Protein chains: 2
Amino acid sequence: MAITQPTDVIRGWIEEIRPARDGGGRTELLVRGGGTVHTITAEPALLPADGLSAQSVVEVTVDESGDLPRATALRVVSEALPLPVDLRNPDLTDLDHRHLHIRSRQLRASATLRHHVQKYVREFLDAQGCHLVQTPILTSASSVSSGAVFQVPYYGGQTASLPQSNWMYADAMVSALERVYTFGPTFRREDDADGIHLVEIWQVSADFAWATYQDLMAIEEEMLRHVAIRLRDEHADVYALAGLPMDHLDAITKPFARISYADSVTLLRDLGHDFTYGADYTKEQSDAISSTFDRPYFITGFPKELKNFWFPVNEDGTTPTSDLFAHTGQGEIIGGGERAHQAEEMIAGLRRRGYDLAKFEWLVDIRRYGCTPHAGFSMGFDRLVAMYLGAEDIRNAVLFPRVPHEAIKP
Amino acid sequence: MAITQPTDVIRGWIEEIRPARDGGGRTELLVRGGGTVHTITAEPALLPADGLSAQSVVEVTVDESGDLPRATALRVVSEALPLPVDLRNPDLTDLDHRHLHIRSRQLRASATLRHHVQKYVREFLDAQGCHLVQTPILTSASSVSSGAVFQVPYYGGQTASLPQSNWMYADAMVSALERVYTFGPTFRREDDADGIHLVEIWQVSADFAWATYQDLMAIEEEMLRHVAIRLRDEHADVYALAGLPMDHLDAITKPFARISYADSVTLLRDLGHDFTYGADYTKEQSDAISSTFDRPYFITGFPKELKNFWFPVNEDGTTPTSDLFAHTGQGEIIGGGERAHQAEEMIAGLRRRGYDLAKFEWLVDIRRYGCTPHAGFSMGFDRLVAMYLGAEDIRNAVLFPRVPHEAIKP
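Here the structure is a predicted model, which means the values were calculated and not measured. (Residues numbered from 1 in each chain as written. Chains lettered and ligands numbered in written order. Predicted model: local features only at pLDDT ≥ 70, side-chain atom pairs only at ≥ 80, totals over all residues. Heavy atoms only, no water.)

Description of the overall build of chain A
Counting its secondary structure elements, chain A contains 11 helices and 16 strands. By its C-alpha atoms, chain A is 80 × 55 × 40 Å across when sized along the principal axes. By residue count, 62% of the 410 residues in chain A fall in the buried class. The long-range share in chain A, meaning contacts at least 24 apart out of those at least 6 apart in sequence, stands at 62%. Accessible surface computed for chain A: about 15,000 Å², of which carbon and sulfur atoms make up 47%. The centroid of the 39 positive side-chain charges in chain A is displaced by 3 Å from the centroid of its 57 negative side-chain charges. (Helix = DSSP H or I, 4+ residues; strand = E, 2+ residues; numbered from the N terminus. Buried < 20%, exposed > 50% of the residue type's maximum accessible area, 1.4 Å probe, protein only. Contact = heavy atoms within 4.5 Å. Areas by Shrake-Rupley, 256 points an atom, 1.4 Å probe, with all protein chains shown as cover. Lys, Arg positive; Asp, Glu negative; His and termini not counted. Charge placed at Lys NZ, Arg CZ, Asp CG, Glu CD.)

So this is what it looks like as structure tokens:
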């Protein structure tokens, strides 16, 4: 590493100053730095006469010969103004002070675990022979067509859309690279501010030539288990520093539950809900289903009314699809299934859903010029992280969240 | 892996059908699949009577006992229409057919190498203890203020901007995680369609607590060398399949050249250019400087006129900055330097450049509440890939490029 650190110096931010636990009139400095929190004992005379505020940046020369490093000199590099927030008990729904809350143990743990989750997801998919592709953000066609699209004035009087999903570019790349995935931002002009919806969503869309929706479920389950085991076995220290429980991780290492959409209808009715076959679940209904599972679960075979144009339709009106739901309150984490891989099949889907065929002509082309059967999934990465964090509110899994109807801050 | 492949079956896309090299009336099928191109001998009688078009998807049962796999059965899974483009000699500036050109050996190699470059960049930065952070796309303040910003109607009559850089969120996260990097899209409403400018740019912004601009140069050089060595030593097959030369990689493994901005002025004047100290290089001038180097090079100590508000200014009007340029025609790859880490310093910079202070108040706050000296860089990832590919046109490094003033396709 190019940046050399003096060996007898600890540098970082003051988290706390408190009387030393062994008495003797000394103080203890908790200094965050070098990826950990150091406890340093100091004679009070070493501290500035007018005090030292939390979050001030210090450089402490230490004698390491005792149980704890003992300060022999202390330099204030950057003195902090009194903080307007309490970092030891932060209000993580307060987005006005997010730029300061990122220093809290909770959000530092969140950012650290998020870093590891994306790393392990990629590690898993790379090992499957998948290529990571960067897909366009300014698109000529969004993919969900629900009206909840952000539009951007572009050159020459054109209007670009921000993508609601990046599945379509992954789907196209299957015909070049066979196994691909994306990892990038997608956008939904949502109205629900319910703790699981965001305006900006980082999404992983993976697509596999020759795969069926059953193959896909095996891949997804293995991937989520891989991440859970790595977090549980290697990052207990991060959970501990932020006071986060880890019990929910064990459930993610067990075989996931699976039920059909048809069985979910029966289950809902048994639970006292009035539910019509072919309808989508309300949040309340989805929560009711989740409450019957102690681990992540798949629901398979959604009827065609619930699935978009790129899914084929079986004779009985169901589709070869499976969605993965969290057992910890984040709702649907992954949606996926087999792709219509024949041109006529996709054109029929576009007509069925009332799409403008011209906008998706290029995706139909992919099918006209030799296309393998394939299957793919789209995963909401922020919800995935929230699941691993055990976070009820998705804002706790995102550093600078964009929440429906709230101002853009910071 | 969940998707099981039959062992005596080769599945994929027909690249070519040609007479077998050993004569005997047999044909050879080149089938792209499983990450390679298979050569399979076949009796002509096995092929469909009405021929087999290129890009058709086939499943060939083979006998592997000879030198080459010999077809014993062939099934056409998806018959391709005659292609409107020549994949053996593709026009990669033709964005109307990009969705088909992605199947060419050139763009498949490009996508494969791009996958590896991003992987090795992350591998290097992860090993430096950096955290990858995902930063917002819908922002309240873009960072360059040149007017070349895409704007997006947001909730409640607000206007969001698409970021011109993601440096500011990396900068802010230094005060939480010390070493961070971003990898995400940024946007420039450019006018230059000169082979090195794009509208959508994937950018890596890395930021390091306690680093100086000299530390930064060492990190950047080591990172680029790491990637070059990995590509050269492990992916010669990918270069070979696409007919790409690799000689330019060796230069990236050597120590990079370094000159000061002041020396670049002298150099330009010696080369016969009329150049005023404090001006930015034109493309012609930048190319003239590049032509004197046989390897990537840094230019350091840019005058304050050329650097934005977040850089401190030395007494002589220079800044502790360094930009990295390619020796292979892609211009500036990385811009970086020390960050103004004191509130007053940054406020002075904002005033000097005429920015709205209110929009950057949160970044000033980062400095008010305890801020380490730090330094960071922003790297144009697409140009980086183009450099490793030896690609003159940046469009060859991007699957679905967005080029200034061109339509959004696909």
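A look at helix α7 (residues 261–270) of chain B
Note on helix geometry: an α-helix contains 3.6 residues per turn, so any two residues three or four positions apart are oriented the same way. Residue and element names in this part refer to chain B. For α7, the complete set of buried residues consists of Y261, S264, V265 and L268. Projected down its long axis, α7 shows its buried positions confined to an angular sector of 105°, all on one face. Next to the buried residues of α7 lie β12 (257–260), α8 (283–290) and β13 (297–300). (Arc of directions from axis to C-beta.)

Here we look at the pattern of salt bridges
This model, assessed by the stated rule, comprises 53 salt bridges over all chains. Linking A:E15 and A:R105 is a salt bridge whose minimum nitrogen-to-oxygen distance equals 2.9 Å. Linking A:E15 in strand β1 (residues 9–19) with A:R105 in helix α2 (residues 105–127), this pair joins segments that are 90 residues apart in sequence. Relative accessible area serves as the criterion here: at 27%, A:R105 is assigned to the partly exposed category. With a shortest N-O distance of 3.0 Å, B:R232 and B:D250 are connected by a salt bridge. (Salt bridge = Lys/Arg side-chain N within 4 Å of Asp/Glu carboxyl O.)

With respect to the interface of chain B and chain A
Between chain B and chain A, the contact holds 105 residues from the first and 105 residues from the second. Interface area, chain B with chain A, both sides summed: about 8,700 Å², of which 62% is carbon and sulfur. Three residues stand out in chain B for area buried against chain A, namely B:Y155, B:W210 and B:Y369, and they jointly supply 10% of the buried area on that side. The tally of links from chain B across to chain A stands at 2 salt bridges. A salt bridge links A:D126 to B:K119; its shortest N-O distance comes to 3.8 Å. Counting the contacts that link chain B with chain A gives 44 residue pairs in polar contact (both at pLDDT 80 or more). In terms of residues, the side of chain B that touches chain A owes the most to one element, helix α2 (residues 105–127) of chain B, which gives 9 residues. Tallied by class, the residues present in the side of chain B that touches chain A amount to 58 nonpolar, 25 polar and 22 charged. (Buried area = accessible area lost by both parts, 1.4 Å probe. Polar contact = N/O pair within 3.5 Å; in protein donor to acceptor, adjacent residues only side chain to side chain. Nonpolar A, V, L, I, M, F, W, Y, C, P; charged D, E, K, R; others polar.)

Focus on the environment of B:S78
With respect to the element layout, B:S78 can be found in strand β5 (residues 70–78). Through-space distance from the C-alpha of B:S78 to that of B:V57 is 4.9 Å; in sequence the pair is 21 residues apart. Sequence-distant contacts of B:S78, defined by excluding residues within four places in its chain, comprise A:R367, A:G370, A:C371, B:S56 and B:V57. Polar contacts involving the side chain of B:S78 include one to the main-chain amide nitrogen of A:C371, which spans 3.0 Å.

Comments concerning unusual backbone geometry
Glycine aside, residues mostly have negative phi angles, and peptide bonds mostly take the trans form. Residue and element names in this part refer to chain A. A cis amide bond links K409 to the next residue, P410, at an omega of -20°. With respect to the helices and strands, P410 occurs in the segment after α11 (381–389). Unusually for a residue other than glycine, E178 sits at a positive phi of about 75°. Along the chain, E178 falls in the loop between α3 (167–177) and β9 (179–182).

A closer look at the relation of the copies chain B and chain A
Once chain B is rotated about the relating axis by 180° and shifted along it by 0.0 Å, it coincides with chain A to within an RMSD of 0.0 Å. Each copy turns onto its partner about a two-fold axis. Residues of chain B ranked by C-alpha distance from the rotation axis are headed by B:V152, positioned 2.6 Å from it. Mapped onto chain A, 100% of the interface residues of chain B are again interface residues, and the two copies thus contact each other with one and the same surface. (Least-squares fit on C-alpha atoms with pLDDT ≥ 70 in both.)

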